[in-house]
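# Working through the structure, step by step
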Amino acid sequence: MCRPIRALTQAKGYDTSDHVLACFGGAGGQHACAVARTLGIREVFVHKYSGVLSAYGIALADVVAEMQEPAQKTFNKENFPFFVKRFTHLAKEASEQLKAQGFEDSSIEAEFYLHMRYFKTDCAIMICAPFKPGNSRPETIEKFMEIFRSTYKREFGFILENREVQVDDIRVRGIGKSEIKIREKIEHCDDPLNAPSIGQKDCYFEDGPQKTQLYDLKGLQGGHIVKGPSIIIDANSTIVVEPGCTATISDEGNVRIEVASMSERDKSTQVDPIRLSIFSNRFMSIAEQMGRVLQRTSISTNIKERLDFSCALFGPDGGLIANAPHIPVHLGGMQYAVKFQISNLGSDGIHEGDVILSNHPKAGGSHLPDLTVITPVFLPGNQNPVFFLANRGHHADIGGLVPGSMPPNATQLLQEGATFVSFKIVDRGNFQEEQLIELLNAPGKVKGCSGTRQLSDNISDLKAQIAANNKGIDLVIALIKEYGLEVVQAYMQHIQNTAEESVRDLLKKVGQRVEEETGRSSLSAEDWMDDGTILKLTVDIDSQKGEAVFDFTGTGPECLWSTNAPNAVTLSAVTYCLRCLVARDIPLNSGCLTPVKIVIPPNSLLDPSENAPVVAGNVLTSQRICDLIFKAFTAVAASQGCMNNVTFGDNEFGYYETIAGGAGAGDGFDGRSGVHTHMTNTRITDPEILETRYPVILRQFSLRPNSGGHGKWRGGDGVIRRLQFRKQLQVSLLTERRTFSPYGLFGGEPGKRGQNLLHRKNRKLNVGAKITMDVEPGDELEILTPGGGGYGSKDE
């Protein structure tokens, strides 16, 4: 109940603890004290008619007449006369409508709104400011800009300097004021502490059963004080005054409850199951609200529409605490990006006001287009950060060999785009724009490469990423203010311990089962990439301790091309798979890997050299690692094993998308059709946005019938996506499972392999799994994505 209240309030830049909790509804009063305490609110107001407050309010409500019209004007002095003229006209229309309902001029008021947003953003905010019709003085309109800027800063943590502001709509709200005034007084009591009780019952609260007084609201007088634990009963509602809380009856018969401050139990660092759940939700809520800010303030299609980003909260050691349900390949590996900065910069190298930008594989990066922004959280009196906030967003272009920065033909890392190891994009509060631009353009110095093709989008999205972390800082500090640093960090550790215990339980059960069935305590699997490179895994389990060694020894060597996967990708895949295999709902955090040791042979496909290309490892090899792990545990048949990456563009822009496919079937369930699986979780771009922003036409987007493997449980179908190009462009494809089919399990049939086709005039060409090619106007690219494998024999 608290989570949406907090999310909505804090998303607008407000602190819940600064407010009074208004409570209504028949059952609302039963939970009011608990909700208020969890939100940090110290006072609850319960109206005497709370059980029927909606109906009561309608009878007393003002009458509103709203007039609105589109404007599509830039907010500047040249357009001020236009705004004044339209405000005056709409106010007149609203007034006439209210007069027709019987209101006099003296009872009519008006509120004036401009729907404002920064140019090239879609975060429009309805701004209300004082205005009098007919008043054309510039300062009366300029007030709207002042309020817009302060509101934007409160919600997002920054303002966009030197950016034009667009007015989308003009609105006037005419208000016919209700003349009904009801101020009923009740008799005032002589003895406030002697409220008449109607009985006593044993009621169970958080600390166990307690003697609880019962009161009839009608029998209470103004000034009566009711101490908790008690229950106040009315014909239409029930109010629970919890232990430590105090209710006071007002002279109008309403109930004001003073909520007790935190008990010693609340401030305890000892693990409590209820509080563990609360903190788990609080931590996740922080990451979710960071994601909302990032989506709302970003510019690019890739982040705003496709949601190719992740946000998370990390401890002072860089360990993952909580994340929003974003992109799995980001989340497991992001903690290693944070840990790298802590180690690389040292305690003296990270200061308050710093924001660090990184994407290099040696710095915990997954591939170069994924830019990670890391912000430390400092408290007064603490020399070192107490937490870290980070987010990782995929930028559609950062330079390199091809538009979209996903080159299949790269043979060295520098050909894939701009690199950042430990770049302070904000150094002690100063945004380093000139140096940032220089680094984003640096790939242009590499033979055959270009600097970033979308510099303005890069800068805008990075500012949005910084703003998302700033929102996270505000929320973390509010949490610490509420509970204290010691308690918050203690529950951070408790949550990580819970994940660790769950993984240990899983490994114990799997180890015991394998020992019973085979007499040994190890699992193994192997698979092949489309180029023939072997992927090999052995899992040795200690069923007594609940520990395991994931050993990838035997995996093939580093590849000349870009299917190499940095360490962070393998660690993300292992974390994700263990989280999936655990039978209960636990947060994905660093505790998942505490009982696990991961062995990766150096100079292999999964631990390439520092300058090896890696762009496909993040989007292809990561998927194949998941299939390999699930195959070893015999948990689920292979999914499509690919993200079906398509990029296209020219010297002016780059576009990137990933295409869904079929999910593998498992014991008791069919695989889903046409979904992103395992390490990706992005949207596909809406057709309207795709066709209006880019020179393409979407000719087909449908499921691929019968592409899932048959079996007792059937694999999911892949999809067919067909794009027609309207101008000459360069297109790049990075795909897998075009040679080897997604495997089935226990007699289930494999899913169909994928296929990439180019339709040019009257010819149909198979262009292969990984290619960069030029297309002409009228050419059509058809992607048929793989289906998932089946599970169990269909004859069973």
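The chain is annotated in an unreviewed UniProt entry as Hydantoinase B/oxoprolinase domain-containing protein from Mesorhabditis belari.

### Overview of the pattern of salt bridges
All told, the structure shown has 35 salt bridges when counted by the stated rule. Here Asp 527 ties to Arg 624 by a salt bridge, and the two come within 3.4 Å at their closest N and O atoms. Here Arg 624 lies in helix H14 (residues 615-632) and Asp 527 lies in strand S21 (residues 522-528), a separation of 97 residues in the sequence. Taken together, the salt bridges that share partners define one network made up of Asp 527, Arg 624, Asp 627, Glu 736, Arg 737 and Lys 770.

### What to know about the packing of helix H4 (residues 80-99) against helix H5 (residues 138-156)
Closest axis-to-axis distance for the H4/H5 pair is 10 Å, and the angle between their directions is 95°. If you check the angle between H4 and H5, you find them roughly perpendicular. Residue-level contacts link Phe 80, Phe 83, Val 84 and Phe 87 of H4 to Pro 138, Ile 141, Glu 142 and Phe 144 of H5. A class-by-class count of the residues in the contact of H4 with H5 yields 7 nonpolar, no polar and 1 charged.

### Focus: empty space enclosed by the protein
Vacant regions in the atomic arrangement are exposed by a probe of water-molecule size rolled over the atoms. With the rule as written, the count across this model stands at 5 cavities of 30 Å³ or more. When its volume is computed, the largest cavity comes out at roughly 80 Å³. As for the largest cavity, its lining consists of 14 residues, of which Asp 308, Asn 618, Val 619, Met 643 and Tyr 656 are closest to the centre. At the level of secondary structure, the elements contributing two or more residues to the lining of the largest cavity comprise helix H9 (328-345), H14 and strand S26 (654-658). Counted by class, the lining of the largest cavity contains 5 nonpolar, 7 polar and 2 charged residues.

### What about the nonpolar core?
With 64 residues, the main nonpolar core has Phe 75, Phe 144, Phe 283 and Phe 387 as its most contacted residues. By residue number, the principal contributor to this core is helix H11 (residues 455-483), which donates 9 residues. If sequence neighbours within four positions are ignored, Phe 144 has contacts with Phe 75, Phe 87, Phe 112, Tyr 113, Leu 114, Met 116, Ile 127, Cys 128 and Ala 129.

### A look at the sheet that holds strand S32 (residues 770-775)
One open sheet holds the 4 strands; their spatial order is S26-S25-S29-S32, and the pairing between them is antiparallel. Looking at the sheet topology across the chains shown, the edges are occupied by S26 and S32. If you compare each strand with its neighbour and ignore which way they point, the axes differ by 15° on average. Both strand S25 (residues 645-649) and strand S29 (residues 729-734) contribute to a ladder of 5 bridges, which runs antiparallel. Bridging across to S29, Val 646 finds its partner in Leu 733. Strands S25, S26, S29 and S32 of the sheet are contacted by H14, whose axis makes an angle of about 45° with S29.

### Section: the environment of Gly 28
With respect to the helices and strands, the residue Gly 28 is situated in helix H2 (residues 28-39). When its relative accessible area of 23% is taken as the criterion, Gly 28 is described as partly exposed. Residues Gly 28 and Lys 211, spaced 183 residues apart in sequence, show a C-alpha to C-alpha distance of 22 Å.

### Details of the UniProt feature "domain: Hydantoinase B/oxoprolinase" (unreviewed entry) in the chain
The UniProt record marks residues 272-793 with the feature "domain: Hydantoinase B/oxoprolinase" (unreviewed entry), using the residue numbering of this structure. Secondary structure content for residues 272-793 is 30% helix and 22% strand, while the C-alpha to C-alpha distance between its ends is 46 Å.

### Concerning the pairing of strand S24 (residues 596-599)
As judged from the 4 bridges shared by strand S23 (residues 547-551) and S24, these two strands associate in the parallel manner. When the sheet's bridge partners are listed, Ala 548 is paired in S24 with Val 596. Taking the sense of rotation as the criterion, the β-α-β connection linking S23, helix H13 (residues 567-581) and S24 turns out right-handed.

### A short note on H13
Over its 15 residues, H13 extends 21 Å from the first C-alpha to the last, a length consistent with the 21 Å expected when each residue adds 1.5 Å. Across the 15 residues of H13, 13 count as buried, placing the element largely inside the fold.

### Comments concerning the side chain of Thr 297
Take Thr 297: it is sitting in helix H7 (residues 273-297). We classify Thr 297 as buried; its relative accessible area is 4%. Within the structure, the side chain of Thr 297 is placed 2.7 Å from the backbone oxygen of Val 293, a separation counted as a polar contact. With residues up to four places along the chain from it excluded, the contact list for Thr 297 reads Cys 123, Tyr 152, Phe 156, Phe 158, Lys 304 and Ala 464.

### What about H9?
With 18 residues, H9 ought to run about 26 Å at 1.5 Å a step, and its terminal C-alpha atoms sit 27 Å apart, in line with that. Along H9, the largest kink reaches about 35° and is centred on Met 334. Listed as buried for H9 are Pro 328, Val 329, His 330, Leu 331, Gly 332, Gly 333, Met 334, Gln 335, Ala 337, Val 338, Phe 340 and Gln 341. Directly after H9, the chain includes Gly 346, whose backbone phi takes a positive value near 75°.

### Section: unusual backbone geometry
Residue Pro 229 is bonded to the preceding Gly 228 through a cis peptide linkage, with omega at 5°. Secondary-structure assignment places Pro 229 in the loop between strand S9 (225-227) and strand S10 (230-233). The phi angle at Lys 761 is positive, at roughly 55°, despite the residue not being glycine. Relative to the helices and strands, Lys 761 resides in the loop between strand S30 (755-760) and strand S31 (763-766). Using a relative accessible area of 84% as the deciding quantity, one classes Lys 761 as exposed.

### As for the packing of H7 against H11
Where H7 contacts H11, the axes come no closer than 8 Å and their chain directions differ by 155°. Accordingly, the angle class assigned to the pair H7 and H11 is roughly antiparallel. The element H7 and its partner H11 pack so that their crossing is right-handed. Grouping the amino acids of the contact of H7 with H11 by side-chain chemistry returns 14 nonpolar, 5 polar and 5 charged.

### Things to note about the state of the cysteines
A full pass over the atoms with the stated rule returns 0 disulfides. The closest cysteine sulfur to the non-disulfide-bonded Cys 203 is located on Cys 33, 13 Å from its own sulfur. The closest cysteine sulfur to the non-disulfide-bonded Cys 642 is located on Cys 626, 13 Å from its own sulfur. Cys 642 sits in the buried class, given a relative accessible area of 0%.

Conventions we followed
- Just so you know, the residues in each chain are numbered from 1, in the order the chain's sequence is written.
- With pLDDT at 70 or above as the cut-off, local features in this predicted model cover only qualifying residues; side-chain atom pairs require 80 or more to be listed or tallied, and sums for whole chains, interfaces and linings still use all residues.
- Only heavy atoms go into the side-chain values, all of them from the structure, while hydrogens and water stay out.
- Any carboxyl oxygen of Asp or Glu that lies within 4 Å of a side-chain nitrogen of Lys or Arg is treated as forming a salt bridge with it.
- In this text, helices come from DSSP runs of H or I with a minimum length of four residues, and strands from runs of E with a minimum of two, each type numbered from the N-terminal end.
- Lines fitted to C-alpha atoms define the axes here, with helix axes fitted over just the stretch in contact, and angles between the N-to-C directions of these axes take values from 0 to 180 degrees.
- What sets the label is the angle itself: under 35 degrees gives roughly parallel, over 145 gives roughly antiparallel, 65 to 115 gives roughly perpendicular, and the rest give oblique.
- Two residues qualify as a contact provided that any one of their heavy atoms is within 4.5 Å of a heavy atom in the partner residue.
- In this count, Pro and Cys sit with the nonpolar residues alongside Ala, Val, Leu, Ile, Met, Phe, Trp and Tyr, while Asp, Glu, Lys and Arg are called charged and the others, Gly among them, polar.
- The method works on a 1 Å grid over the protein atoms by themselves. A cavity is a set of points holding a 1.4 Å probe that cannot get out, a pocket is an open set with protein on both sides within 12 Å along at least five of seven lines, and residues with an atom within 4 Å of a point line them.
- Grid points are joined across faces, edges and corners, and a volume is the space filled by probe spheres set on the points.
- As used here, the term nonpolar core means buried Ala, Val, Leu, Ile, Met, Phe, Trp, Tyr and Cys residues forming a set that is joined through side-chain atoms within 4.5 Å.
- Relative accessibility under 20% of the residue-type maximum defines a buried residue, over 50% an exposed one, and the middle range a partly exposed one, all with a 1.4 Å probe and only protein chains included.
- Strands were regarded as paired on the criterion that DSSP finds at least two bridges between them.
- UniProt positions are given in the numbering used here, feature names are shortened, and annotations may be inferred rather than shown by experiment.
- Here the term right-handed applies to a crossover when the path leading from its first strand over the helix to its second strand runs clockwise, the strands being oriented away from the viewer.
- What a helix is expected to span follows from its residue count: subtract one and scale by 1.5 Å.
- Any pair of N or O atoms that falls within 3.5 Å is considered a polar contact. Within protein, one atom must be able to donate a hydrogen and the other to accept it, and sequence-neighbouring residues count only if both atoms are side-chain atoms.
- Throughout, bend refers to the angle between the axes fitted to the seven residues that end at a position and the seven residues that start at it.
- Should the near helix be turned anticlockwise from the far one by less than a right angle, the crossing is left-handed, and should it be turned clockwise, the crossing is right-handed.
- Criterion for a disulfide: a pair of cysteine sulfur atoms within 2.5 Å.

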